[in-house]
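An overview of the molecular structure
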Amino acid sequence: LPKDVYTKYQGLSDRLSIAIVELLPERYFQPFPWEARNCLLYRAFGVGLVRKLALNREDRIVKEERKKDPDFHLEGFTLRKPTIQAMARYKDYTRKHEITHVIDTLIGLGGLAASVRINSDLLMLISGIWTVGNIYPVMLQRSLRGRVYRILERSRQSQKPLED
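Residues numbered from 1 in each chain as written. Predicted model: local features only at pLDDT ≥ 70, side-chain atom pairs only at ≥ 80, totals over all residues. Heavy atoms only, no water.

The geometry of helix H7 (residues 84–118) relative to helix H8 (residues 121–159) is characterised by a closest axis approach of 7 Å and an angle of 160° between their N-to-C directions. In this view, H7 runs roughly antiparallel relative to H8, as classed from their interaxial angle. Like other packed secondary-structure pairs, H7 and H8 cross with a definite hand, here left-handed. A breakdown of the residues in the contact of H7 with H8 according to their chemical character gives 22 nonpolar, 13 polar and 6 charged. (Axes fitted to C-alpha atoms, helices over the stretch in contact; angles between N-to-C directions. Helix = DSSP H or I, 4+ residues; strand = E, 2+ residues; numbered from the N terminus. Parallel < 35°, antiparallel > 145°, perpendicular 65-115°, else oblique. Left-handed = near helix turned anticlockwise from the far one by under 90°. Nonpolar A, V, L, I, M, F, W, Y, C, P; charged D, E, K, R; others polar.)

Listed below in structure tokens is the structure:
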């Protein structure tokens, strides 16, 4: 990932996510064929609805700031200009955001395991909510990246010279 991915809004968890993204092979991030086409599975799980209803902090910032300035841009969450280069860079951000939520999901699963071990209903409830609350953003990032890959692929195909 480009080094300027580190912004003032990102802390230790984001730096850890970026380090993990750099370690993982490219094939992990490539959409599966069913993700690249239309993500029916994610739709069935209501990922689009969750995206609309559960605005995160950055979504709220963008929404409020765009009321004042329609050209407002928040690096990593919006595209300044809809170009192929910006879309390729945005793909990198979807990777970082996905890994952040994968880490959080694993933490939640660890909490669930600990809750069973120590027989704590409260920890089980909190860990379950935490886990489910982070699985949806992972699915959202994967479905978003499927759309980004489709756009980038169409762009590459349109730039190929015609064969005789």
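Now for the nonpolar core. For soluble globular proteins, the rule of thumb is that nonpolar side chains tend to be buried together. Met 87, Tyr 90, Leu 144, Val 148 and Leu 152 together form the largest nonpolar core, which totals 5 residues. Of all the secondary structure elements, the ones that give two or more residues to this core are H7 and H8. The element best represented in this core is H8, accounting for 3 residues. Apart from the residues lying within four places of it in its own chain, the contact partners of Met 87 are Leu 79, Val 148, Ile 151 and Leu 152. (Core = buried A, V, L, I, M, F, W, Y, C linked by side-chain atoms within 4.5 Å. Buried < 20%, exposed > 50% of the residue type's maximum accessible area, 1.4 Å probe, protein only. Contact = heavy atoms within 4.5 Å.)

Considering the arrangement of structural elements, one finds Leu 152 in helix H8. Leu 152 sits 67 residues away from Gln 85 along the chain, and the two C-alpha atoms are 9.2 Å apart. Apart from the residues lying within four places of it in its own chain, the contact partners of Leu 152 are Ile 84, Met 87, Ala 88 and Lys 91.

Once that is clear, we can look at unusual backbone geometry. Backbone geometry places Asn 119, a non-glycine residue, at a positive phi of 60°. The residue Asn 119 is located in the loop between H7 and H8 in this model.

The next thing to look at is the side chain of Ser 115. Of note, Ser 115 is situated in helix H7. In this view, Ser 115 contacts Ser 120, Leu 123 and Met 124; residues no more than four positions away in its chain are not counted.

This part covers the packing of aromatic side chains. Using the criterion set out here, one finds 1 aromatic pair in the structure. Between Tyr 28 and Phe 29 the ring centres are 4.9 Å apart and the planes differ by 90°, which places this aromatic pair in the edge-to-face class. In this arrangement the basic side chain of Arg 142 is found over the ring face of Tyr 28, its NZ or CZ atom lying 5.6 Å from the centre. (Phe/Tyr/Trp six-rings, centres within 6.5 Å; stacked < 30°, edge-to-face > 60°. Lys NZ or Arg CZ within 6 Å of the ring centre and 35° of its normal.)

Moving on, we come to a positive patch on the surface. A contiguous patch of positive charge on the surface is contributed by Arg 43, Arg 51, Lys 52 and Arg 147. The class for Lys 52 is exposed, based on a relative accessible area of 59%. (Patch = residues over 30% accessible without salt bridge, like charges linked within 9 Å, V, L, I, M, F, W, Y side chains within 5 Å. Areas by Shrake-Rupley, 256 points an atom, 1.4 Å probe, with all protein chains shown as cover. Salt bridge = Lys/Arg side-chain N within 4 Å of Asp/Glu carboxyl O. Lys, Arg positive; Asp, Glu negative; His and termini not counted. Charge placed at Lys NZ, Arg CZ, Asp CG, Glu CD.)

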